[in-house]
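# Close look at the chain arrangement
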Amino acid sequence: MFDIAVIEDPAAAEASLDPVRARLLAALAEPASATMLAARVGLARQKVNYHLRALEQHGLIELVEERRKGNVTERVMRATAASYVISPAALAAVRPDPAQAPDRLSARWLLALAARLVQDVGALITGADRAGKRVATFAVDADVRFASATDRAAFADELAAAVAALVGRYHDEQAPGGRRHRVVLALHPSVDLSTGAAEDS
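Residues numbered from 1 in each chain as written. Predicted model: local features only at pLDDT ≥ 70, side-chain atom pairs only at ≥ 80, totals over all residues. Heavy atoms only, no water.

Turning our attention to the overall build of the protein. In terms of regular secondary structure, the protein is built from six helices and seven strands. Counting from the amino terminus, helix and strand elements in the protein follow one another as β-α-α-β-α-α-β-β-β-α-α-β-β. Its C-alpha radius of gyration of 22 Å places the protein more than 25% over the 17 Å reference for a compact globule of 201 residues. Counting only C-alpha atoms and orienting by the principal axes, one finds that the protein spans roughly 70 × 50 × 30 Å. Buried residues in the protein amount to 21% of all 201 residues. For the protein, restricting intrachain contacts to residue pairs at least 6 apart in sequence, the fraction spanning at least 24 positions comes to 56%. For the protein, the accessible area works out to roughly 14600 Å², and carbon and sulfur atoms hold 54% of it. (Helix = DSSP H or I, 4+ residues; strand = E, 2+ residues; numbered from the N terminus. Rg over C-alpha atoms; globule rule 2.2 N^0.38 Å. Buried < 20%, exposed > 50% of the residue type's maximum accessible area, 1.4 Å probe, protein only. Contact = heavy atoms within 4.5 Å. Areas by Shrake-Rupley, 256 points an atom, 1.4 Å probe, with all protein chains shown as cover.)

A word on the sheet that holds strand 2 (residues 32-33). The sheet built from three strands is open, its strands ordered 2-4-3 with antiparallel pairing. The sheet is open, and its two borders are formed by strand 2 and strand 3 (61-69), each paired with just one other strand. As paired strands, strand 2 and strand 4 (residues 72-79) are joined by two bridges and run antiparallel to one another. Note on strand 4: the bridge partner recorded for Ala32 is Met77. (Pairing = 2+ DSSP bridges.)

All right, on to a nonpolar patch on the surface then. Together, Val144, Phe155, Leu159, Val183, Leu185 and Leu187 make up a nonpolar patch on the protein surface, roughly 480 Å² of accessible area in all. Structurally, the position occupied by Phe155 is in helix 6 (residues 149-170). (Patch = residues over 30% accessible without salt bridge, like charges linked within 9 Å, V, L, I, M, F, W, Y side chains within 5 Å. Salt bridge = Lys/Arg side-chain N within 4 Å of Asp/Glu carboxyl O.)

To continue, consider unusual backbone geometry. Trans peptide bonds make up most of the peptide bonds, and negative phi angles are found at most residues other than glycine. Phi angles above zero are rare outside glycine, and Ala101 is one such case at about 50°. Assignment of secondary structure puts Ala101 in the loop between strand 5 (81-86) and helix 5 (107-131). For Ala101, a relative accessible area of 65% translates into the label exposed.

Below is the structure:
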């Protein structure tokens, strides 16, 4: 089981967003049979089996073992990941395009960048999993409290200048065997997850 998996297929995304199937996915963090799940989530076994077939068809759950109980073979399933992210690739026709009206002060452009990040890293993870390799990535996550909007603007300017200097120092367009990487930095207000609003303090 992976810690996190990326859903790129529209049909798989649709299957995962069904409320009942989402509950079953969460319940299948630990292996269970349809009978065990039916008791756990309060649904009829036949209905659970129906949803499990759909989840298995889209690669969201997998068979762990088969147990023989009298004349019945019980299939024990588990989720293929502890959590899932839906890639914008699943909504290809309407996914955001950061190339449209780039504005480093726009929250919507930041969201478009974040969506592209999910899509790109998701594709890298999927390809690496198929090849049995790891993806070389690096991330920084920090929390800063600014005394004023002026300090926030000054911080953003210094950060942009520092990154531009680093990119200028290390970027080599002509390097034989060089590999292009994308650098994405973001600054946004922290969010109180209990309310969904920006934190005041």
